[in-house]
Amino acid sequence: MKIENTKAQMRKGVLEYCILSILSKSDAYASDIIKELKEAKMIVVEGTLYPLLTRLKNAGLLSYRWEESTQGPPRKYYTSTEVGNDFLKELDGSWQELVDAVNTIKK
């Protein structure tokens, strides 16, 4: 078994949570989201992000708007919806429960 496969699966499991956390701070362009995820070593392949953004949008957890750009075509900026913010609060609690459970097991 390769550790990289397991690490990738663990990251995939929390990507939606991370995306909603990023968007709870401010609206973001896809490349900004990718940059933050890469800096945190949470995403390796950019193609992973777009299906997640679509799934979150279709679930009503985020929306987007187009803004003109001085450096080319209009840009799509994503924002968390009220439903997304409420969902994130629930995920915050679930995340803490998960961390606590793992820490209990590791003791």
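These remarks concern the structure in this document.

Thresholds, definitions, all that
Residues numbered from 1 in each chain as written. Predicted model: local features only at pLDDT ≥ 70, side-chain atom pairs only at ≥ 80, totals over all residues. Heavy atoms only, no water. Helix = DSSP H or I, 4+ residues; strand = E, 2+ residues; numbered from the N terminus. Buried < 20%, exposed > 50% of the residue type's maximum accessible area, 1.4 Å probe, protein only. Patch = residues over 30% accessible without salt bridge, like charges linked within 9 Å, V, L, I, M, F, W, Y side chains within 5 Å. Areas by Shrake-Rupley, 256 points an atom, 1.4 Å probe, with all protein chains shown as cover. Salt bridge = Lys/Arg side-chain N within 4 Å of Asp/Glu carboxyl O. Pairing = 2+ DSSP bridges. Phe/Tyr/Trp six-rings, centres within 6.5 Å; stacked < 30°, edge-to-face > 60°. Lys NZ or Arg CZ within 6 Å of the ring centre and 35° of its normal.

## Observations regarding unusual backbone geometry
Part 1 of the argument: In the Ramachandran plot, K41 falls in the positive-phi region, its phi being about 60° despite a non-glycine side chain.
Part 2 of the argument: Along the polypeptide, K41 turns up in the loop between α2 (30-39) and α3 (49-58).
Part 3 of the argument: Owing to a relative accessible area of 66%, K41 belongs among the exposed residues under this scheme.

## Section: a nonpolar patch on the surface
Part 1 of the argument: Together, W95, L98 and V102 line one region of the surface with nonpolar side chains, adding up to about 260 Å² of accessible area.
Part 2 of the argument: Note on placement: L98 falls in helix α4 (residues 82-106).

## Topic: the pairing of strand β3 (residues 72-80)
Part 1 of the argument: Both strand β1 (residues 28-29) and β3 contribute to a ladder of two bridges, which runs antiparallel. Across the sheet, residue Y29 finds its bridge partner in β3, namely Y77.
Part 2 of the argument: As judged from the seven bridges shared by strand β2 (residues 62-69) and β3, these two strands associate in the antiparallel manner. When the bridges of β3 are listed, L62 appears paired with S80.

## Things to note about the sheet that holds β3
Part 1 of the argument: The strand order β1-β3-β2 describes an open sheet built from three strands, whose pairing is antiparallel. In this open sheet, the two strands that pair with only one neighbour each are β1 and β2.

## What about the packing of aromatic side chains?
Part 1 of the argument: Counted under the stated rule, the structure contains four aromatic pairs.
Part 2 of the argument: Between the aromatic rings of Y17 and W95, the centroid separation amounts to 5.8 Å while the plane-to-plane angle is 40°, which identifies the pairing as tilted. Highlighted residues: Y17 in helix α1 (residues 3-25) and W95 in helix α4, separated in sequence by 78 residues.
Part 3 of the argument: Overall, the relative accessible area of 16% leaves Y17 in the buried class.
Part 4 of the argument: Taking the centre distance of 5.7 Å and the plane angle of 40° together, the rings of Y29 and Y77 count as tilted. Note that Y29 is positioned in strand β1 and Y77 in strand β3, a separation of 48 residues in sequence.
Part 5 of the argument: Here the aromatic cluster, defined as three or more aromatic residues joined through ring pairs, consists of Y64, W66 and Y78.
Part 6 of the argument: Above the plane of the ring of Y64 lies K76, whose end atom (NZ or CZ) is 4.2 Å from the centre.

None of the figures reported here should be taken as evidence of function without further support.
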